[in-house]
Amino acid sequence: MTKFFQLVIAGIEMGSIYSMVALAIVIIYASTGLKNLAQGEMAMFSAFISWQLYTWGLGPWLALVLAVIISFILGMMLQQVVLRPVQDSSLLTVVIVTLGVFLGLSSLAGFIWDYLIKAPPALFPEEALVSFGSVRVGTPAVGVFVVLLALAAGLFAMFQFTKIGLAMRAVAFNKETAMLVGVRVNLVIMVGFGLAASLGAAGGIFAAPKVFLEPFMMLTILIYALASAAFGGLDSPLGAVIAGLIIGVVENLAGGYIGFIGSDLKIVVPLVIIIVTLIFRPQGLLGRKYIPRV
Amino acid sequence: MALMTVVRGSSQYRMYTALGLGLTLLALILLPVVTSDFLTFQFTMAFIWTIAVLGLNMLTGWSGQITLGLSAVFGVGAYATVILVRTYEWNAVATIPVAGLLAFVFGYAIGVPALRLAGLYLALMTLAIGVAFPKFATRFEELTGGSMGIQIKSKDFPKEMWGLSRDQYLYFLVVIVGIVMFVLARNLLKSRVGRAITAMRDNEIPAQTMGINPTRYKTLIFATSSMVAGVAGSMYAFVIRFAAPNSFTLTLSITILAALVVGGIGTFAGAIVGGVFIQFVPYYAEQVEKSLAGLVFGVVIIVIMLAAPLGFMGGFKKARARVVNVIDPPVVRESAS
């Protein structure tokens, strides 16, 4: 059983990172109907910013906070310059443009920081926080999970109790109606993008010590995050958190117990989850059902 | 005002079209004769990308679907050729249809679950497949040679054949295969299937009420477009004589997409422009800086989509309209007299 619990704990640790990126994707999708395929690369870029600040002599946590704030601003700028002109265009246009951002950002990161793998600072001490018999619960696993819960709680409070949160919910529910009652829709979407960029940044920075820092580090994580977003329901933040954790755990268990998958083919897990979700429950666990009209 | 007016479908129009095609063909034949082996090789690669862009265009341009798994079907085609030649000692040319067929089946298998739902999910699933493919290729080591890749011995492609150098005869092979693919694609687009697919792209629900089965046609076009991309992959294996997992990453899919956008979505000639673009830009850009090509592609995709979504061919048609005005034939109404 030790192996089982150890795998579950490792799964929760990775799952927390998937949840953060999935939350970022869901927040943008809910308010604009736009699925940001560049979210992973944005997170990678933020992780590089944090690493850069750290090498300039800042403490790892201070670098994290600053990088998250910078990402907020960069996310808003990206939305204003690149995505705002296309946000009401066809899906094809939006997907192509986000892919342009994807390729542009990963090349830009390679241009600035080159393609050599970097070892970012650990944010938590490596030793076990507590042990139950032979099961060790590592500090990083608990730390990332607690950060995720804090972020989710903060988001929930923001959506429920603040004016901007209310405005974001209004825009997500119906853009035209929100506009008619005086919500400044574009401002709200801009803030939503900034928020998503910050959440993704947190995901990227926590992922960096685990997958190592390089321009393609978020590629696989993006797939897991997209699978989490689809599985949880593309417009449900709570669904994204739950689904991210489930996928993290399932992925680790599958890797540990199914010989065919092993540690190389874990990517099969999100693939299967996407397929199963879209065949049996296309709106996801907690998503709203969408009925097309002519 | 345009200098002359031509009615679409008239004998004059057909003459100009034939003239244009003839000149293109002549240029294609003369190119390896008048240029160096090096440039011939570059154009061979450009035309391989052109075939892949044509495959993507069949899906994206005609049916409005998007795929990021093109690198995977391209890889299936390439691996099919390399493995059949290396391990099973097939004649290289005989592997082309097999590579196409395998890519067709592979595309069909992806299309069946993915096309039941909206385009968003297709993008999502094909993205996952594009990322997963190199990992699968690495994993099945006995077949694919793992991360080190698998190579064709050069004896399968002699240095000279029919008085042509290797670069030259491979060039002609790619051009011939490319022309076959273009004719195939054009005929499909002009057929009942093509009309059904375009009707679906423009508005799916009315198309459905007219008796078009969306799942069936979408899967069919997805598989056919995969087949074309698979043939492109097979040609790639001919020229590079090597297949390794990191040749078929997601970046390849996005690069082909960039070529499509640059050339012009939904046009045949755009595929050639796009293919040449993605072959030559990295060649010159990487002499300056390794990551410059990706940066250029990313920025170009965004700028074109924002400013000129029809790409190069959109601009070309506008410029042509200043000289030649192509109009549709007048509709003849039967008068009730």
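Quantities reported herein were computed from a predicted structural model and do not represent experimental measurements.

1. Observations regarding the overall build of chain B
A tally of regular secondary structure across chain B gives 14 helices and six strands. When its C-alpha atoms are laid out on the principal axes, chain B stretches across 75 × 50 × 40 Å. With 337 residues in all, chain B has 47% of them scored as buried. Considering only contacts in chain B between residues 6 or more positions apart, those separated by 24 or more positions represent 79%.

2. Some details on the overall build of chain A
The number of helices and strands found in chain A is eleven helices and two strands. If you list the helices and strands of chain A from N to C, you get α-α-α-α-β-β-α-α-α-α-α-α-α. Taken over C-alpha atoms, the radius of gyration comes to 19 Å for chain A, in line with the 19 Å a tight globule of 294 residues would show. Overall size of chain A, expressed as C-alpha extent along the three principal axes, is 60 × 50 × 35 Å. In chain A, which comprises 294 residues, the share counted as buried stands at 50%. Sequence-distant contacts in chain A: of pairs separated by 6 or more residues, those separated by 24 or more amount to 73%.

3. Some remarks on unusual backbone geometry
All names here are of chain A. Despite not being glycine, Asp-114 has its phi angle at roughly 50 degrees, a positive value. Counting through the fold element by element, Asp-114 comes out in the loop between helix H4 (91-113) and strand E1 (128-132). Backbone geometry at Phe-212 places phi at a positive 70 degrees, although glycine is not the residue there. Relative to the helices and strands, Phe-212 resides in the loop between helix H8 (185-211) and helix H9 (219-232). The exposure class assigned to Phe-212 is exposed, which follows from the 12 C-beta atoms found within 10 Å.

4. Observations concerning the confidence of the model for chain B
Residues and elements named next belong to chain B. Residues of chain B with pLDDT of at least 70 account for 93%, and the chain-wide mean is 83. Confidence scores differ between elements of chain B, with strand E3 (residues 160-161) showing the lowest mean pLDDT of 70 and helix H3 (residues 70-86) the highest of 89. Across the predicted assembly, pTM comes out at 0.85 and ipTM at 0.81.

5. Concerning H4 of chain A
Between its first and last C-alpha, H4 of chain A extends 32 Å over 23 residues, near the 33 Å set by a 1.5 Å rise per residue. Phi turns positive, to about 50 degrees, at Asp-114 of chain A, one or two residues after H4 of chain A.

6. Some details on the packing of helix H2 (residues 39-55) of chain A against helix H3 (residues 60-83) of chain A
All names here are of chain A. Their axes nearest at 8 Å, the elements H2 and H3 cross at an angle of 140 degrees. Classified by the angle between their axes, H2 and H3 sit oblique to one another. Note that H2 runs across H3; the crossing there is right-handed. Residues Met-42, Ser-46, Ile-49, Ser-50, Leu-53 and Tyr-54 of H2 touch H3, and the partners they reach there are Pro-60, Ala-63, Leu-64, Leu-66, Ala-67, Ile-70, Ser-71 and Gly-75.

7. Concerning the interface of chain B and chain A
Taken together, the contacts link 37 residues of chain B with 38 residues of chain A. At the level of secondary structure, the elements contributing two or more residues to the side of chain B that touches chain A comprise helix H5 (119-139), helix H11 (250-263) and helix H13 (292-307) of chain B. Looking at which element gives the most residues to the side of chain B that touches chain A, the answer is H5 of chain B, with 13 residues.

8. What to know about the environment of Thr-224 of chain B
All names here are of chain B. By secondary structure assignment, the location of Thr-224 is in helix H10 (residues 214-240). For Thr-224, a count of 24 C-beta atoms within 10 Å gives the class buried. Placed 124 residues apart in sequence, Thr-224 and Gly-100 show a C-alpha to C-alpha distance of 9.0 Å. If near-sequence neighbours (up to four positions away) are discounted, Thr-224 is found in contact with Met-58 and Leu-188.

9. Here we look at the pairing of strand E2 (residues 135-138) of chain A
Residues and elements named next belong to chain A. Strand direction decides the pairing type here: E1 and E2, joined by four bridges, are antiparallel. The partner of Ala-128 across the bridge, within E2, is Gly-138. Between E1 and E2, which follow one another and run antiparallel, lie two residues, and Gly-133 among them has a positive phi close to 60 degrees.

10. Here's the deal with the environment of Leu-265 of chain A
Relative to the elements of secondary structure, Leu-265 of chain A occurs in the loop between helix H10 (237-257) and helix H11 (268-280). What makes Leu-265 of chain A partly exposed here is the crowd of 19 C-beta atoms within 10 Å. Separated by 14 residues in the primary sequence, Leu-265 of chain A and Glu-251 of chain A place their C-alpha atoms 9.7 Å from one another. Leu-265 of chain A has contacts with Phe-260 of chain A together with Lys-135 and Arg-139 of chain B, leaving out every residue within four places of it along the chain.

11. Thoughts on the packing of helix H12 (residues 269-288) of chain B against H13 of chain B
All names here are of chain B. Here H12 crosses H13 at 125 degrees, and the two axes come no closer than 7 Å. By the angle class used here, H12 and H13 are oblique. Across the interface between the two elements, Val-281, Pro-282, Ala-285, Glu-286 and Val-288 of H12 pack against Leu-292, Ala-293 and Val-296 of H13.

12. Quick notes on the nonpolar core
Nonpolar side chains in soluble globular proteins tend to be buried together. By size, the foremost hydrophobic cluster in this structure holds 199 residues, and its most contacted members are Val-21 of chain A together with Ala-52 of chain B. In this structure Val-21 of chain A touches Gln-39, Gly-40, Ala-43, Gly-200, Gly-203, Ile-221, Leu-222 and Ala-225 of chain A, once residues within four positions along its chain are discounted.

13. Structural notes on the environment of Lys-175 of chain A
Relative to the assigned elements, Lys-175 of chain A resides in helix H7 (residues 175-180). Sequence separation of Lys-175 of chain A and Met-218 of chain A is 43 residues, and the distance between their C-alpha atoms is 31 Å.

What counts and how
- Residues numbered from 1 in each chain as written.
- Chains lettered and ligands numbered in written order.
- Predicted model: local features only at pLDDT ≥ 70, side-chain atom pairs only at ≥ 80, totals over all residues.
- Helix = DSSP H or I, 4+ residues; strand = E, 2+ residues; numbered from the N terminus.
- Buried ≥ 20, exposed ≤ 12 C-beta atoms within 10 Å, placed from the backbone.
- Contact = placed C-beta atoms within 7 Å.
- Rg over C-alpha atoms; globule rule 2.2 N^0.38 Å.
- pLDDT = per-residue confidence, 0-100.
- Expected span 1.5 Å × (residues − 1).
- Axes fitted to C-alpha atoms, helices over the stretch in contact; angles between N-to-C directions.
- Parallel < 35°, antiparallel > 145°, perpendicular 65-115°, else oblique.
- Left-handed = near helix turned anticlockwise from the far one by under 90°.
- Pairing = 2+ DSSP bridges.
- Core = buried A, V, L, I, M, F, W, Y, C linked by C-beta atoms within 7 Å.

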